[in-house]
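Inside the fold
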Amino acid sequence: MDKFVVEGDRRLQGTVKISGAKNASLALMPACILAPGLYRLTNTPNNRDVWTFSRLLGEMGIHAELNNDELFIDSTNITSFEAPYELVKQMRASIYVLGPLVARFGKARVSLPGGCNFGPRPIDLHLKGLERLGAEIEVEGGYIIASSKKLRGTHFHFDVSSVGASVNVLMAATLAHGHTTLTNVALEPEVTALAHMLTKMGAKIDGIGTTTLEIDGVDDLKYVDEETIPDRIEAATFLIAAAATKGDATLTNVNAHHLTAVVQALEDSGCTVYITGQTIRVSMDSNPEPVDITTAPYPGYPTDAQAQWAAYMLNCTGAASIRDAIYPTRFGYVAELHRLGADIEMSDGSCLVKGGAKLTGASVMSSDLRASASLIIAAMMASGSSEILRVYHLDRGYEALEVRMNALGASIRREQYQEF
Ligand code: UD1
């Protein structure tokens with residue numbers, strides 16, 4: 001397994017290019033099932049989730065090959081309609097193949113995702129939405145078995161704003177017979193990015209960028225080239241890391257509109273943020289003011305940048321409350337930050353970070369993707385050396401993070417180790 005050895009007392013300074021959005025790629029890749037052909041998805045990030053999704057497509061006979069940031073997907077011949085447990089358990093977004101498979105082929109067999117490191121993550125809305133479109137769904141032997149002659153248009157309201165369910169049901173509705181109205185659709189830029197790609201493929205979708213989508217089903221779609229939007233969570237991670245180390249970093253290839261809540265929180269904490277075109281620069285030279293955050297669906301503060309904010313607040317001049325309204329148990333990183341000397345009080349669905357505790361290097365363990373990023377930020381703020389175990393979580397969603405952090409002045413070494 002890999003671990004990171006992180007030297008503390010670092011200051012990040014310089015320029016870094018942000019990758020394409022992992023979560024957008026994971027929505028664009030299954031869209032390639034909807035029509036046969038050779039797709040080219042540019043600005044694709046090179047991370048483990050993209051490789052896992054490529055393997056999943058490979059299992060179905062769809063060839064996917066990443067060449068620098070260009071992902072070529074050949075969906076001309078699809079030979080299997082199954083997402084096996086071995087891959088779904090590694091990456092919950094594998095369930096995104098369900099909607100396109102049942103819409104185009106009338107059949108799909110997809111493993112149930114099972115548990116996750118930050119609490120229960122139901123998929124009821126994915127299934128209800130597809131059922132409303134006319135799919136028959138059974139669960140047998142840990143697998144969702146979906147079938148349908150032809151999906152038909154419907155009205156479906158998402159009780160909870162869900163990125164994944166919006167992605168799955170939207171893809172399916174594009175090939176349904178007749179008109180579909182979807183309400184309370186998630187506003188996350190990754191859903192909008194998918195809707196734009198589907199429109200390019202020939203789908204008829206009105207209301208893109210709003211919570212109500214009106215879709216007129218079409219008989220077939222065509223393959224396209226599409227550029228992936230920049231990763232707003234990777235950008236947030238670099239911005240917060242730069243602020244936490246009292247640094248001065250410039251991020252290129254970003255969409256600042258997708259980062260409003262994070263930028264506002266940074267400014268409230270005392271950072272100076274400059275936005276020009278596709279570039280954001282953050283500069284910080286003091287300990288931050290405490291800034292409370294509560295995560296919310298987009299355009300609110302993202303749950304995926306909550307753990308990083310907690311690390312930043314370790315140096316604040318007071319106490320900051322971090323509440324996760326989307327995943328109230330997403331605080332696995334708190335016990336690890338304690339090992340570095342952090343003073344954080346946990347309560348139901350939130351934690352209170354008391355700034356100013358002396359942080360010293362220690363051995364800590366990643367529990368999920370964004371928790372890993374939080375530990376790296378805290379380790380750079382601490383004095384001495386830390387090791388962060390199980391960085392495979394981090395590799396799911398960040399492309400060569402240590403290399404890019406080091407280019408900004410961090411000292412992070414990747415080493416192999418054996419876990420007993
Ligand atoms: C996506 C992101 C993930 C991010 C999350 C919230 C991808 C691949 N992953 O995950 O990084 O943390 O959005 O922004 O894009 N819910 C239900 N029923 C469902 C589905 C969801 O009740 O069928 C609830 C969830 O428990 C959660 C909320 O809806 O409380 C939002 O979850 P959702 O947006 O679906 O998360 P994901 O799509 O899994």
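Above this note sits the structure.
The structure displayed is predicted, hence computed values, not measured ones.

Turning next to the sheet that holds strand E24 (residues 412-416). Overall, mixed pairing links the 4 strands, which are arranged E22-E23-E1-E24 in an open sheet. Single-partner strands in this sheet number two, and they are strand E22 (363-365) and E24. Strand-to-strand twist in this sheet, taken as the mean axis angle between neighbours without regard to direction, amounts to 25 degrees. Looking at chain direction, strand E1 (residues 2-7) and E24 are connected through 5 bridges and run antiparallel.

Closest axis-to-axis distance for the helix H1 (residues 22-31)/helix H7 (residues 189-200) pair is 9 Å, and the angle between their directions is 30 degrees. With respect to their mutual orientation, H1 and H7 come out roughly parallel. Considering only the axes of H1 and H7, their crossing is right-handed. The segment H1 lies against H7, with Asn23, Ala24, Ala27, Leu28 and Ala31 engaging Glu190, Ala193, Leu194, Met197 and Leu198.

This part takes up the site of the ligand. Not every one of the 18 residues close to the ligand is listed here, only the nearest: Asp124, Leu125, Ser162, Val163 and Asp304. Here a nitrogen atom of the ligand sits 2.7 Å away from a polar atom, N or O, in the side chain of Asp124. Measuring from an oxygen atom of the ligand, one finds a backbone N or O atom of Gly164 at 2.8 Å. Taken by itself the ligand offers 740 Å² of open surface, and the protein chains cover 84% of this. Where the shell around the ligand is concerned, the elements lending two or more residues are helix H5 (124-132) and helix H6 (163-174). When residues of the shell around the ligand are sorted by domain, at least three fall in each of domain 1 (2-14 + 231-416) and domain 2 (24-227).

Before going further, it helps to spend a moment on the packing of aromatic side chains. Each aromatic ring pair is summarised here by two numbers: the centre-to-centre distance and the angle between the ring planes. Per the counting criterion, the structure on display carries 6 aromatic pairs. A centroid spacing of 6.0 Å and a plane angle of 70 degrees characterise the contact between Tyr301 and Trp309, whose relative ring orientation is edge-to-face. The two residues Tyr301 and Trp309 agree in class, both being buried. By way of ring pairs, the aromatic residues Tyr301, Trp309 and Tyr312 are connected into one cluster.

The rules behind the values
Residues numbered from 1 in each chain as written. Predicted model: local features only at pLDDT ≥ 70, side-chain atom pairs only at ≥ 80, totals over all residues. Heavy atoms only, no water. Pairing = 2+ DSSP bridges. Helix = DSSP H or I, 4+ residues; strand = E, 2+ residues; numbered from the N terminus. Axes fitted to C-alpha atoms, helices over the stretch in contact; angles between N-to-C directions. Parallel < 35°, antiparallel > 145°, perpendicular 65-115°, else oblique. Left-handed = near helix turned anticlockwise from the far one by under 90°. Contact = heavy atoms within 4.5 Å. Near = heavy atom within 4 Å. Polar contact = N/O pair within 3.5 Å; in protein donor to acceptor, adjacent residues only side chain to side chain. Areas by Shrake-Rupley, 256 points an atom, 1.4 Å probe, with all protein chains shown as cover. Domains from an automatic or database assignment. Phe/Tyr/Trp six-rings, centres within 6.5 Å; stacked < 30°, edge-to-face > 60°. Buried < 20%, exposed > 50% of the residue type's maximum accessible area, 1.4 Å probe, protein only.

Purely spatial values, then, with no claim about function.
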